[in-house]
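# Analysis of the macromolecular model
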Amino acid sequence: LFAVCAVLARAALDPALQSDHAFVLPLLAVVGAAWYGGFWPGMLTLALSMVGVMFFFVTPRMSMTISAVSDQFALGLFLFAGFGCSLLG
């Protein structure tokens, strides 16, 4: 539920954000899922959010390829922070 809400909220904000800060809302969703559900709900939210954001909001869109180094770095930070939040949740 948290992952779906994060992807829908990101879609609503897409005209304003474009491809900037694609992983901020999903990270908040991971924190919420880990806070309320623990490790496994946090990890599930992390995986679903990552796939949704990579496919819909990171260029090239509708692809699982991340070509820009800045987007690869953001994905790495998202995975690191999301795993840490899930672990602490």
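Summarised in this report is the structure supplied together with it. (Residues numbered from 1 in each chain as written. Predicted model: local features only at pLDDT ≥ 70, side-chain atom pairs only at ≥ 80, totals over all residues. Heavy atoms only, no water.)

### Structural notes on the packing of aromatic side chains
The description of an aromatic ring pair rests on the distance of the ring centres and on the angle between the ring planes. Selection criterion: Pairing of aromatic rings covers Phe, Tyr and the six-membered ring of Trp, with a centre-to-centre limit of 6.5 Å; geometry is then stacked below 30 degrees between planes, edge-to-face above 60, and tilted otherwise. The cut-offs for exposure are 20% and 50% of the maximum accessible area for each residue type, with area from a 1.4 Å probe on protein chains only; residues under the lower value are buried, those over the upper are exposed, and the others partly exposed. A positively charged side chain is recorded as over a ring if its NZ (Lys) or CZ (Arg) lies within 6 Å of the ring centre. The angle to the ring normal must also be within 35 degrees.
Within this structure, the stated rule accounts for six aromatic pairs. Both rings, one in F39 and one in W40, keep their centres 4.8 Å apart while their planes meet at 75 degrees; by these two values the pair is edge-to-face. The exposure class of W40 is exposed, given its relative accessible area of 66%. Taking the centre distance of 5.1 Å and the plane angle of 85 degrees together, the rings of F55 and F56 count as edge-to-face. On the basis of relative accessibility, which here comes to 29%, the residue F55 falls in the partly exposed class. A residue is classified by how much of its surface remains accessible, and F56, at 37% relative accessible area, is partly exposed. Joined through ring pairs, the aromatic side chains of F39, W40 and F83 make up one cluster. Positioned over the ring face of F57 is R10, at 5.1 Å from the centre of the ring.

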